[in-house]
Amino acid sequence: MSVTDTTPELTIDADRLWSDLMELAAIGAYDDEATGLVGVNRQSLTDEDRAGRELLLSWMEELDLGITVDEMGTIFGRREGQDPELAPVLIGSHIDTVATAGAFDGCLGVLGGLAVLRSFDEAGLRPRRPIVVAAWTEEEGVRFGTDMLGSAVAAGRLSLDHAYGLTDAEGHRLGDELERIGFKGERPVRLDPPHAYLECHIEQGPVLAQEDRQIGVVTGVQSISWQKVTLHGRAAHAGTTPTELRIDAGLAAAQIIVEVRRMVDSGAYGRLRATVGHIEASPGLPSVVPDRAEITVDLRNPDDEDMARAEADLAEFLDRLPTSQPGLRVETAQMARTKAVPFSEAVQDTIETAAKDRGYDSMRIMSGAGHDAQEMAAIAPAAMVFVRGQHQGISHNPREYSTPEDCAAGIEVLASAVKELSA
C-alpha cells in the first residue's frame, strides 16, 4: 500500500536535524591525533552521556512529549495518537558511543525520530496510533561488555539483575552508574510490544555508496558472537630462558589471531568475518615473556549454521592450544551472542514504498553490525532504514560521515513509513 494519500506531506527540517547532530556531537568531543579530526567519546553512563541525555530531554520537552525513563535508563518520548489505547509505533536508536566515534552512529536515529515528530506537528497530523521515540541505554557494549543491552533487557532476552551486575574495566557496576548519573528510572523495563519498530541508521559500510543508492532497506542482522580469551603462561627472562622452556601467553594470543583469519580465508564457514579487536599482555615489559594475555574474538555470520560450525571449530582449536606449550592455560568467557535476525517483510515493504514515493533509489541489504532493532524484532514487526556513508562507510572513527542531504533523505523515508504504520 502506498504512503501517498490526501493527508499533508511530511517535510523534514534538514537544517535543524543537522544542527542537532552537531550540537550533540560537541558533548564528549576530543581531538583525535590519528586522523587530525574531532571525534566523539560519549560512552554509556559517563558524565558525557548524562550531558547528552539532558540535551535530548530538553528537545523532547520542546516537543511537549510524554517523557519516561525505564529501569535501564532508556529514555522514551511519546506523542499521543487519536487512540491512546492502541500500541504505538516505536522509533529507536542510541546516543552512547564508542571511544573513537563520529557524530552519526545511533544519534541519527534518535534525533531523526524527533525530526519526524516535528514534521507531524508542522503538518498538523495526528494519526490513530501514538508514536514513541526511544534512546536505548548501552547499545555499543564497549563499557559494560554487552551490546544492545537496554533493548535486550526491554525485550526480555537478558534480565535486569544481570544487566545491573555488569561491570566496566574499573569495576563500576552498571546499576550503580545509572544511579550516579540520575537515570535509573521507574518505568518497568519489560516493554509492551509496539505495533511496529523502526530505526534509521548509517550503514557503517560501503555497499550503498558503491551501488549509488541513497537508501538501504535492511532485511535483518547477522549472527554475532563475542568472547574474551584469557591465556595464562609463565613470566620469564627474555634473554636467559630457552625457547623450549617458555610458556608464552603472547605467542598463544598470536596463534589465535592467525587461526581466526585462516578460518575466514578458508571459505569453509560461508561469509564469516572475524576480528580480534582487543589485545593486552602482561607484565607488558620488553624483556619479559608474557605470563598473561587477553584478547577478544568477534565472529559474525549471516548464517546461523555456518556460525555454529565456526564457533565449534574455534573452541576445538583453543582446547588443543596447550599441546603446543605444555602448562599453558586457556580461559574463555562469552561476552555476547545473538542469532541472525530477519526483519519483517511487511515493514521492509513499507520502507521501500516510502523511498520510492520520495524519489529515492533503494536496495535491500543485510546489516553487518548489531542494532537495537534486532532485539525489538523478537517482540514486534521491525525493520531499518540505512543511510549511506562516505569514506567507504567508515564508522566507529572520527572520519565517519554522511552528508546532510543523505541524512535528511533517510529521515524523510522514516517519516513516511511512520506515517503509514501509525495511520
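For the structure, see preceding data.
Visitor: Looking at this structure, I do not really get the overall build of the chain. What am I missing?
Guide: Within the chain one finds 12 helices and 18 strands. Computed over its C-alpha atoms, the radius of gyration of the chain comes to 23 Å, within 12% of the 22 Å expected for a compact globule of 423 residues. With the principal axes as the frame, the chain shows a C-alpha extent of 80 × 45 × 40 Å. A total of 423 residues make up the chain; the buried ones form 56% of that total. When contacts within the chain are restricted to residue pairs at least 6 apart in sequence, long-range pairs at least 24 apart make up 79% of them. Accessible surface, the chain as shown: approximately 17700 Å² in total, 48% of it carbon and sulfur. On the chain, the mean spot of the 38 positive side-chain charges and the mean spot of the 70 negative ones are 3 Å from each other.

Visitor: How should I be thinking about the state of the cysteines in this particular structure?
Guide: In a disulfide, the sulfur atoms of two cysteines are held together by a covalent bond. Summed over the entire model, instances satisfying the criterion amount to zero disulfides. Among the cysteines around C200, which has no disulfide bond, C407 carries the closest sulfur, lying 7.9 Å off. By relative accessible area, which is 1% here, C407 ends up buried.

Visitor: Please explain the pattern of salt bridges as it appears in this structure.
Guide: Here the idea is simple: oppositely charged side chains can pair when their charged atoms come close. According to the stated counting rule, one finds 27 salt bridges in the structure shown. Of the charged contacts, one joins D20 and R118 as a salt bridge, the two residues approaching to 3.3 Å between their closest N and O atoms. Here D20, found in helix 1 (residues 14–25), pairs with R118, found in helix 3 (residues 107–123); they are 98 residues apart in sequence, far enough to count as distant. D20 sits in the buried class, given a relative accessible area of 3%.

Visitor: Got a minute to help me understand unusual backbone geometry in this structure?
Guide: A cis amide bond, omega 10°, links S282 with the succeeding residue P283. Its location among the elements puts P283 in the loop between strand 12 (279–282) and strand 13 (288–289). Of note, the phi angle at D212 is positive, near 55°, even though the residue is not glycine. Structurally, D212 can be placed in the loop between helix 7 (207–211) and strand 8 (215–221). Despite not being glycine, H391 shows a phi value in the positive range, around 55°. With respect to the secondary-structure elements, H391 resides in the loop between strand 18 (382–387) and helix 12 (404–422). Judged by its relative accessible area of 37%, H391 is partly exposed.

Visitor: Help me understand the packing of helix 10 (residues 345–358) against helix 12 in this model?
Guide: A pair of packed helices can be characterised by two numbers: the angle between their axes and the separation between those axes. At their nearest, the axes of helix 10 and helix 12 sit 8 Å apart, and the two run at 125° to each other. Of the possible angle classes, the one that applies to helix 10 and helix 12 is oblique. At the point where helix 10 passes helix 12, the crossing takes the right-handed sense. Touching V347, T350, I351, A354, A355 and R358 of helix 10 are E412, V413, A415, S416, A417, E420 and L421, all from helix 12. Within the contact of helix 10 with helix 12, the residues separate by chemical class into eight nonpolar, two polar and three charged.

Visitor: It is not clear to me how the packing of aromatic side chains should be interpreted in this structure. Could you clarify?
Guide: The geometry of an aromatic ring pair is captured by the separation of the ring centres together with the interplanar angle, meaning the angle of the planes. Counted under the stated rule, the structure contains four aromatic pairs. Ring geometry for F76 versus W136: centroids 5.8 Å apart, planes at 85°, classification edge-to-face. In this pair, F76 is assigned in strand 4 (residues 75–79) and W136 in strand 6 (residues 131–136), connecting sequence segments 60 residues apart. Within the aromatic cluster, the residues linked to one another by ring pairs are W18, F104 and Y401. The cationic tip of R53 hangs over the ring face of F183; the distance from NZ or CZ to the ring centre is 5.0 Å. Just above the ring of F76 sits the side chain of R187; from NZ or CZ to the centre is 4.0 Å.

Visitor: How should I be thinking about the layout of surface pockets in this particular structure?
Guide: Gaps left between atoms show up when a probe the size of a water molecule is rolled over them. By volume, the second largest pocket is sized at about 280 Å³. Lining the second largest pocket are 14 residues, and of these R78, P88, R187, L191 and D192 sit closest to its centre. For the lining of the second largest pocket, the class distribution of residues is eight nonpolar, two polar and four charged.

Visitor: Would you explain the packing of helix 1 against helix 12 in this entry?
Guide: Where helix 1 contacts helix 12, the axes come no closer than 10 Å and their chain directions differ by 110°. For the element pair helix 1 / helix 12, the angle class is roughly perpendicular. Taking contact as the criterion, the partners of A14, L17, W18 and L21 in helix 1 are, on helix 12, P404, C407, A408 and I411. Taken together, the residues that form the contact of helix 1 with helix 12 break down as eight nonpolar, no polar and no charged.

Visitor: Which parts of the structure should I look at to understand helix 12?
Guide: The periodicity of an α-helix, 3.6 residues per turn, causes residues three or four places apart in sequence to face the same way. For helix 12, spanning 19 residues, the distance from its first C-alpha to its last is 26 Å, which sits close to the expected 27 Å at 1.5 Å a residue. The buried fraction of helix 12 amounts to 17 of the 19 residues, a majority that puts the element mostly inside the structure.

Visitor: Explanation requested: the environment of V347 in the structure shown.
Guide: Mapped onto the fold, V347 is located in helix 10. With 96 residues separating them along the chain, V347 and L251 place their C-alpha atoms 49 Å apart. Residues within four places of V347 in sequence aside, it is in contact with L198, P381, A382, A383 and L421.

Visitor: How should I be thinking about the side chain of E400 in this particular structure?
Guide: Assignment of secondary structure puts E400 in the loop between strand 18 and helix 12. Put simply, E400 is tucked away with no salt bridge, and the nearest opposite charge, on R42, sits 8.9 Å away. A distance of 3.0 Å separates a polar atom in the side chain of E400 from the backbone nitrogen of D105. Not counting residues up to four positions away in its chain, the partners in contact with E400 are G102, A103, F104, D105, I202, I394 and S395.

Each value, and the rule that gives it
Residues numbered from 1 in each chain as written. Predicted model: local features only at pLDDT ≥ 70, side-chain atom pairs only at ≥ 80, totals over all residues. Heavy atoms only, no water. Helix = DSSP H or I, 4+ residues; strand = E, 2+ residues; numbered from the N terminus. Rg over C-alpha atoms; globule rule 2.2 N^0.38 Å. Buried < 20%, exposed > 50% of the residue type's maximum accessible area, 1.4 Å probe, protein only. Contact = heavy atoms within 4.5 Å. Areas by Shrake-Rupley, 256 points an atom, 1.4 Å probe, with all protein chains shown as cover. Lys, Arg positive; Asp, Glu negative; His and termini not counted. Charge placed at Lys NZ, Arg CZ, Asp CG, Glu CD. Disulfide = S-S within 2.5 Å. Salt bridge = Lys/Arg side-chain N within 4 Å of Asp/Glu carboxyl O. Axes fitted to C-alpha atoms, helices over the stretch in contact; angles between N-to-C directions. Parallel < 35°, antiparallel > 145°, perpendicular 65-115°, else oblique. Left-handed = near helix turned anticlockwise from the far one by under 90°. Nonpolar A, V, L, I, M, F, W, Y, C, P; charged D, E, K, R; others polar. Phe/Tyr/Trp six-rings, centres within 6.5 Å; stacked < 30°, edge-to-face > 60°. Lys NZ or Arg CZ within 6 Å of the ring centre and 35° of its normal. 1 Å grid on protein atoms, 1.4 Å probe; cavity = no way out; pocket = protein on both sides within 12 Å on 5 of 7 lines; lining within 4 Å. Points joined across faces, edges and corners; volume = space filled by probe spheres on them. Expected span 1.5 Å × (residues − 1). Polar contact = N/O pair within 3.5 Å; in protein donor to acceptor, adjacent residues only side chain to side chain.

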